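# An overview of the molecular structure
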Amino acid sequence: MAGDRGPTYSLSFKICHSYGNNDPGVTVPVSLSVGGQPIKLFAKVDTGAEYCLFERKFADALEIDVERGGEKTFSTVSGTFRAYEHELTLAVYGTSFDTVVYFYKDESKTRNVLGRNGWLNRVRLGLVDHDSLVYLSAYDD
């Protein structure tokens, strides 16, 4: 039937926030902590990234001995790199949970990424890029 768009679906979210459109990509505020004062930074939402990856300097600021974590090699279209696995508390717009993230081995890597494992698989995410809006709730909210 002409004009029939099929069923509609709805989701509910606890948070709606404008991420602005000045930066390329979707950039959101993040805090990382390991039992102490959180470190605040910004990260890109990357639905194609398998894991959350952060600059090594943030592990140093959290007093994490980076190289004591499990080492993993990552492959991308632009090459490979290594990173170390660590468990910590991650928060975005006040939605926080304990999770596993990776810190780059190479100090020159500066792109912080929120990926599928460790973040996207723990939240409900809505994105309206036209309006620069991100909607977010913990998965079980």
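Model, not experiment: these values are computed from the prediction. (Residues numbered from 1 in each chain as written. Predicted model: local features only at pLDDT ≥ 70, side-chain atom pairs only at ≥ 80, totals over all residues. Heavy atoms only, no water.)

### Topic: the nonpolar core
Of all hydrophobic cores here, the largest spans 31 residues; its most connected members are Val 30, Phe 54, Leu 90, Phe 103, Leu 114 and Trp 119. Elements with a contribution of two residues or more to this core: strand E2 (27-33), strand E3 (39-45), helix H1 (56-61), strand E6 (79-92), strand E7 (95-104) and strand E10 (133-138). With residues up to four places along the chain from it excluded, the contact list for Val 30 reads Ile 39, Lys 40, Leu 41, Ala 43, Phe 54, Leu 90, Ala 91, Val 92 and Leu 114. Counting residues in each nonpolar core, the second largest holds nine residues, with Phe 74, Phe 81, Ala 83 and Tyr 104 among its members. (Core = buried A, V, L, I, M, F, W, Y, C linked by side-chain atoms within 4.5 Å. Buried < 20%, exposed > 50% of the residue type's maximum accessible area, 1.4 Å probe, protein only. Helix = DSSP H or I, 4+ residues; strand = E, 2+ residues; numbered from the N terminus. Contact = heavy atoms within 4.5 Å.)

### Details of the pairing of E3
By the criterion of burial, E3 is predominantly enclosed, with five of the seven residues buried. Sheet topology places E2 next to E3; six bridges connect them, and they run antiparallel. What sits directly across from Thr 27, in E3, is Lys 44. Across two bridges, the pairing between E3 and strand E8 (residues 113-114) is parallel. If you follow Val 45 over to E8, its bridge partner there is Leu 114. (Pairing = 2+ DSSP bridges.)

### Overview of the sheet that holds E10
The strand order across the open sheet built from three strands is E1-E10-E9, with neighbouring strands paired in antiparallel fashion. Of all the strands in the sheet, the pair left with one neighbour each is strand E1 (15-18) and strand E9 (123-128). Each neighbouring strand pair of the sheet contributes to a mean axis angle of 20°, computed without reference to strand direction. By the bridge criterion, four bridges tie E1 to E10 in an arrangement that is antiparallel. The residue bridging Ser 18 from the neighbouring strand is Leu 133, located in E10. (Axes fitted to C-alpha atoms, helices over the stretch in contact; angles between N-to-C directions.)

### Some remarks on the pairing of E10
Within E10, five of the six residues are buried, which leaves the element mostly enclosed by the surrounding structure. Linking two consecutive strands that pair antiparallel, namely E9 and E10, is a turn of four residues; a positive phi of about 55° is found at Ser 132 within it.

### Some remarks on the layout of surface pockets
Here the largest pocket is characterised by a volume of approximately 390 Å³. For the lining of the largest pocket, the secondary-structure elements that each account for two or more residues are strand E5 (71-76) and E6. Each residue belonging to the lining of the largest pocket can be placed in one class, and the counts come to seven nonpolar, seven polar and four charged. (1 Å grid on protein atoms, 1.4 Å probe; cavity = no way out; pocket = protein on both sides within 12 Å on 5 of 7 lines; lining within 4 Å. Points joined across faces, edges and corners; volume = space filled by probe spheres on them. Nonpolar A, V, L, I, M, F, W, Y, C, P; charged D, E, K, R; others polar.)

### Examining unusual backbone geometry
Even without being glycine, Glu 63 reaches a positive phi, approximately 60°. With respect to the helices and strands, Glu 63 occurs in the loop between H1 and E5. You can call Glu 63 exposed: its relative accessible area is 74%.

### Comments concerning the pattern of salt bridges
Tallying each qualifying case throughout the model produces five salt bridges. Measuring nitrogen to oxygen at the nearest pair gives 3.9 Å for the salt bridge that ties Arg 56 to Glu 107. You can see Arg 56 sitting in helix H1 and its partner Glu 107 sitting in the loop between E7 and E8, a full 51 residues away along the chain. A relative accessible area of 12% places Arg 56 in the buried class. Take Glu 107: its relative accessible area is 61%, and that puts it in the exposed class. Because the salt bridges share partners, they merge into one network encompassing Arg 56, Glu 67 and Glu 107. (Salt bridge = Lys/Arg side-chain N within 4 Å of Asp/Glu carboxyl O.)

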